[in-house]
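Fold and contact review
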Amino acid sequence: LIMYDAMMHAQSQVAASGHASVKDGIAILDRMAAAGVKPTLRTFNKYLAVVAGAASHGNGNGTHVDDVLVRMAHAGIQPDRETYWAWLSVLGSAVFHGQATMEQVYWAIQNMAQCCNTPCAPSTATTCAPGTAVDGP
């Protein structure tokens, strides 16, 4: 697991410089699955960093975040604040590049607030309770 997390972290750095894509992060998740290694919340958040890096260069959007949220749900892993902040980062970049709308950003903020209870203020609850997510736009 540590090796895959390190690989995902490295891909996030490469994506931030514009030299890696979301597909590179997906390839790491697929390799993990093939090896029987289950991703953790940290792994998924690192993957979202890859998506955010790619999005900052116009190569990622909210659909990629939706994919990771579905993968997390299938793995029984609840998103935390880092997950949602990465989601907002991706959406912000996607809006800048014309690949998302402000409506999607507002929906993400609403979902984060409903799920994590006042995400902008420190709280003892940093993960979302099962069944608290709202439907998308």
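Presented here is an overview of the structure given in this document. (Residues numbered from 1 in each chain as written. Predicted model: local features only at pLDDT ≥ 70, side-chain atom pairs only at ≥ 80, totals over all residues. Heavy atoms only, no water.)

**Describing the overall build of the protein**
- Helix and strand content of the protein: six helices and zero strands.
- Across the protein, helices and strands are ordered from the amino to the carboxyl terminus as α-α-α-α-α-α.
- For the protein, the proportion of its 137 residues judged to be buried stands at 39%. (Helix = DSSP H or I, 4+ residues; strand = E, 2+ residues; numbered from the N terminus. Buried < 20%, exposed > 50% of the residue type's maximum accessible area, 1.4 Å probe, protein only.)

**Points about the environment of Leu48**
- Structurally, the position occupied by Leu48 is in helix α3 (residues 41-55).
- As for Leu48 and Trp85, which are separated by 37 residues in sequence, their C-alpha atoms are 9.6 Å apart.

**A few points about the nonpolar core**
- One finds Tyr47, Val65, Val68 and Trp87 to be the most contacted residues of the largest nonpolar core, which totals 32 residues.
- Counting only elements with at least two residues in this core, the list comes to α1 (2-16), α2 (22-35), α3, α4 (62-74), α5 (81-96) and α6 (102-116).
- With eight residues, α3 is the single largest residue contributor to this core.
- With sequence-adjacent residues up to four places away left out, Tyr47 is seen in contact with Met8, Val22, Gly25, Ile26, Leu29, His64, Asp67 and Val68. (Core = buried A, V, L, I, M, F, W, Y, C linked by side-chain atoms within 4.5 Å. Contact = heavy atoms within 4.5 Å.)

**Topic: α3**
- The end-to-end C-alpha separation of α3 is 21 Å, in line with the 21 Å expected for 15 residues at 1.5 Å each.
- Among the 15 residues that make up α3, 12 are buried, leaving the element largely enclosed by the rest of the structure.
- Those residues of α3 not exposed but buried are Thr43, Phe44, Asn45, Lys46, Tyr47, Leu48, Val50, Val51, Ala52, Gly53, Ala54 and Ala55. (Expected span 1.5 Å × (residues − 1).)

**Things to note about the side chain of Asn45**
- When you line up the elements, Asn45 lands in helix α3.
- Among all residues touching Asn45, those that are not within four sequence positions of it are Asp80, Glu82 and Thr83.

**Considering α2**
- Here α2 contains 14 residues, and its C-alpha end-to-end distance of 20 Å stays within 8% of the 20 Å for a straight helix at 1.5 Å per residue.
- Among all positions in α2, only Val22, Gly25, Ile28, Leu29 and Met32 are buried. What you see down the axis of α2 is that its buried residues fit within an arc of 125°, all on one side. Facing away from the buried side of α2 by over 90 degrees, the exposed positions are Lys23 and Ala34.
- Once α2 finishes, Gly36 follows within two positions and takes phi at roughly 75°, a positive value. (Arc of directions from axis to C-beta.)

**What about a nonpolar patch on the surface?**
- A contiguous nonpolar patch, built from Met102, Tyr106 and Ile109 and spanning about 300 Å² of accessible area, is present on the exposed surface.
- The partly exposed category is assigned to Met102, whose relative accessible area is 40%. (Patch = residues over 30% accessible without salt bridge, like charges linked within 9 Å, V, L, I, M, F, W, Y side chains within 5 Å. Areas by Shrake-Rupley, 256 points an atom, 1.4 Å probe, with all protein chains shown as cover. Salt bridge = Lys/Arg side-chain N within 4 Å of Asp/Glu carboxyl O.)

**Quick notes on the side chain of Ser12**
- As for its position among the elements, Ser12 is in helix α1.
- The exposure class of Ser12 is buried, given its relative accessible area of 6%.
- Among all residues touching Ser12, those that are not within four sequence positions of it are Lys46, Ala49 and Val50.

**Regarding the environment of Ala86**
- With respect to the helices and strands, Ala86 occurs in helix α5.
- Accessibility expressed as a relative area gives 14% for Ala86, which makes it buried.
- Through-space distance from the C-alpha of Ala86 to that of Val65 is 8.7 Å; in sequence the pair is 21 residues apart.

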